[in-house]
Amino acid sequence: MMKSIAVGLLGLGTVGSGVVTILKNHQDKLMHQVGCPIEVKKVLVQDVHKHRTVEIDPSFLTTNANEVIEDPEIDVVIEVMGGIEDTRQLVLQALRNKKHVVTANKDLMALYGPELLKVASENGCDLFYEASVAGGIPILRGLVDGFASDRIIKMMGIVNGTTNFILTKMSKFGSAYEEVLKEAQELGYAEADPTSDVEGLDAARKMAILASLGYSMNIELKDVRVQGISSVTSDDIEYSKRLGYVVKLIGTAHRKGEKVEVSVQPTLLPESHPLAGVNDEYNAVYVYGEAVGETMFYGPGAGSLPTATSIVSDLVAVMKNMRLGVNGLSSVSPQYEKKLKDDSEIFSKYFLRIHVKDQVGAFAKITSLFSERGVSFEKILQLPLKNKNVAEIVLVTHEASLRDYEEILVQLRDLQIIQEVKSSYRVEGGNQG
Ligand code: NAP
Ligand code: HSE
């Protein structure tokens, strides 16, 4: 039997504790796959006296990161402490010290992935990050290995559990936004600062990672258009239902020819769409391949044990590479130069809810703005409001370019008959290619 593999952990919180549990409970299966025991040797924490949910020898705990990343006996560092700048320095130092790194840190990988992967490769080290997107779903390996023979056209993801939980509860039980957000925080789904969940930034980071891997292009966070769910109201959800749609926070990455678009935004999905039935805190990633057609990966996007399974599977991959002597070779640089679509090349249907002064000819003024740009309507609802002089109009357009649609919105807001544009969202539907 080979000597045991020594692992150092940076962090022993929700995910780190899960890693320790999986290593202990699944040791037999792991040993069978990698041919030797795996031992946790040192663990970086903030407070060595804090109560831990897992059994760990107190002498393994340290508040000195160097005891993990400078220890010559540690082969693999598992980064589950979170954070960006300080963590980046620790990961860089670990890689320069020839330690393989496994991380769950989407914030770090979305911002510094290319730099870290380059340093890993220069040092003959693996840097794996399966847990950084959709926690327990093996989506990154699914994209890279499972789709190795296909061209990915479209990816759509429910990649943030907090917002899916909130929208599900608002839709099923009519719960108030603030109340459900609090529940999501109590259940541990939300980030320490939930703004990054509800304003779409957490999902945007995950979509940048997915799009970079799926399209083999260096898609950066700044390339992702982001709109969160804080403006979604129960009225929007009710009208969407009446029109046959479900509202979800969807990350979309779409390729047409050589160009791609990546966004995160509240989106109306037809009830028949595979992602429409993904509820509560669950995540799913829908992938449309040119040859394979529709596929979907579904599962828990967060949580101690689900996230830890992805981390320990990465660890197994590192150890298999060690046995074959091929560490550091799997990180291939992007194949394509980044080419982003401009607004005239991004097409979608749109949902629009407006309050209009109830006057003769008001609707004609609205329709003429759309028809001047060749945009027609698929669905229309008009309802009286309590204020008898104002009507609520809900429209779903046929496909329009983003440029045309945004110009229409600007002109619409300027119309004297428009009291307020209440909401506007993308509507999914139609051709995947
Ligand atoms: P957590 O529960 O807050 O745990 C963080 C751990 O890191 C704690 O043990 C903490 O020490 C330690 N730590 C943090 N900052 C430190 C510092 N400056 N120096 C030393 N130790 C430090 O976080 P988590 O939920 O496990 O998340 C960890 C990472 O996994 C994050 O990048 C997160 O985005 C990612 N992730 C989490 C989930 C999830 O379901 N939670 C899912 C996917 C990805 P103490 O225990 O002493 O405070
Ligand atoms: N806050 C994240 C979510 C945790 O709600 O999905 C997993 O990354």
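None of the values given here were measured: they were computed from a predicted structure.

### Thoughts on the overall build of the chain
A tally of helices and strands in the chain yields 14 helices and 17 strands. Seen through its C-alpha atoms, the chain measures out along the principal axes to roughly 85 × 45 × 35 Å. Positive and negative side-chain charges of the chain, numbering 46 and 57 respectively, have mean locations separated by a distance of 2 Å.

### Things to note about the nonpolar core
Ranked by size, the top nonpolar core spans 77 residues in total, and within it Ile139, Leu210 and Phe351 carry the most contacts. Apart from the residues lying within four places of it in its own chain, the contact partners of isoleucine 139 are Glu130, Val133, Ala134, Leu210, Val285, Val287 and Phe297.

### Side note on helix α12 (residues 304–324)
For α12, which comprises 21 residues, the first-to-last C-alpha distance of 30 Å matches the rise-based estimate of 30 Å (1.5 Å per residue) to within 8%. Positive backbone phi, at 70°, marks glycine 325, one or two positions downstream of α12.

### A word on the side chain of threonine 62
In this structure, threonine 62 sits in strand β3 (residues 61–62). In contact with threonine 62, not counting residues within four places along its chain, are Lys42, Val43, Leu44, Val45, Val48, Glu67 and Val68.

### Observations regarding the packing of aromatic side chains
Per the counting criterion, the structure on display carries five aromatic pairs. Centroid distance tyrosine 282 to tyrosine 298: 5.2 Å. Interplanar angle 5°. Geometry classified as stacked. Linking tyrosine 282 in strand β11 (residues 282–289) with tyrosine 298 in strand β12 (residues 293–300), this pair joins segments that are 16 residues apart in sequence. With relative accessibility at 32%, the residue tyrosine 282 sits in the partly exposed group. For tyrosine 298, a relative accessible area of 47% translates into the label partly exposed. Where phenylalanine 351 meets tyrosine 425, the ring centres are 6.1 Å apart and the plane angle is 25°; that geometry is what we call stacked. Here the residue phenylalanine 351 occupies a position in strand β13 (residues 347–357), and tyrosine 425 occupies one in strand β17 (residues 418–427), the gap between them amounting to 74 residues. Both residues of the pair, phenylalanine 351 and tyrosine 425, count as buried.

### A few points about the site of ligand 1
Lining the immediate surroundings of ligand 1 are 21 residues, of which Leu12, Val15, Lys50, Arg52 and Gly303 lie closest. Between ligand 1 and leucine 12, the relevant distance is 2.8 Å, taken from an oxygen atom to a main-chain nitrogen or oxygen of the residue. Lysine 106 is positioned with one of its side-chain polar atoms (N or O) 3.2 Å from an oxygen atom of ligand 1. For ligand 1, the accessible surface in isolation is 900 Å², of which the surrounding protein chains cover 77%.

### Quick notes on the UniProt feature "binding site: L-homoserine" (unreviewed entry) in the chain
Per the UniProt record, "binding site: L-homoserine" (unreviewed entry) is annotated on Glu191. By the element assignment, glutamate 191 lies in the loop between α8 (177–186) and α9 (195–198). Each residue touching glutamate 191, except ones within four places of it in the same chain, is listed here: Lys106, Ser196, Asp197 and Asp202. Polar contacts involving the side chain of glutamate 191 include one to the side chain of lysine 106, which spans 3.1 Å.

### Re the pairing of β13
Within β13, nine of the eleven residues are buried, which leaves it mostly tucked inside the rest of the structure. When β13 meets strand β16 (residues 400–401), the two strands line up antiparallel, connected through two bridges. Looking across to β16, one finds that serine 348 is bridged to alanine 400. The pairing of β13 with β17 spans eight bridges and is antiparallel.

### Topic: the environment of alanine 120
Examined against the element boundaries, alanine 120 turns out to sit in helix α5 (residues 106–122). Alanine 120 gets classed as buried once you look at its relative accessible area, which sits at 1%. Along the chain, alanine 120 and lysine 182 lie 62 residues apart, while their C-alpha atoms are 39 Å from each other. Setting aside its immediate chain neighbours within four residues, alanine 120 contacts Leu95, Cys125 and Leu127.

### What to know about the site of ligand 2
Around ligand 2, the neighbouring residues are Lys106, Asn160, Gly161, Thr162, Tyr189, Ala190, Glu191, Asp197, Asp202, Lys206, Gly301 and Ala302. In this structure, glycine 161 approaches ligand 2 through a main-chain N or O atom, which is 2.7 Å from an oxygen atom. Between ligand 2 and tyrosine 189 there is a distance of 2.8 Å, counted from a nitrogen atom to a backbone nitrogen or oxygen. The fraction of the free accessible surface of ligand 2 (260 Å²) that becomes covered by protein chains is 90%. Broken down by secondary-structure element, the contributors of at least two residues to the shell around ligand 2 are α7 (161–173) and α10 (201–215). Here the residues of the shell around ligand 2 sort into three nonpolar, four polar and five charged.

Rules used in this analysis
- Residues numbered from 1 in each chain as written.
- Chains lettered and ligands numbered in written order.
- Predicted model: local features only at pLDDT ≥ 70, side-chain atom pairs only at ≥ 80, totals over all residues.
- Heavy atoms only, no water.
- Helix = DSSP H or I, 4+ residues; strand = E, 2+ residues; numbered from the N terminus.
- Lys, Arg positive; Asp, Glu negative; His and termini not counted.
- Charge placed at Lys NZ, Arg CZ, Asp CG, Glu CD.
- Core = buried A, V, L, I, M, F, W, Y, C linked by side-chain atoms within 4.5 Å.
- Buried < 20%, exposed > 50% of the residue type's maximum accessible area, 1.4 Å probe, protein only.
- Contact = heavy atoms within 4.5 Å.
- Expected span 1.5 Å × (residues − 1).
- Phe/Tyr/Trp six-rings, centres within 6.5 Å; stacked < 30°, edge-to-face > 60°.
- Near = heavy atom within 4 Å.
- Polar contact = N/O pair within 3.5 Å; in protein donor to acceptor, adjacent residues only side chain to side chain.
- Areas by Shrake-Rupley, 256 points an atom, 1.4 Å probe, with all protein chains shown as cover.
- UniProt positions renumbered as here; feature names shortened; annotations may be inferred.
- Pairing = 2+ DSSP bridges.
- Nonpolar A, V, L, I, M, F, W, Y, C, P; charged D, E, K, R; others polar.

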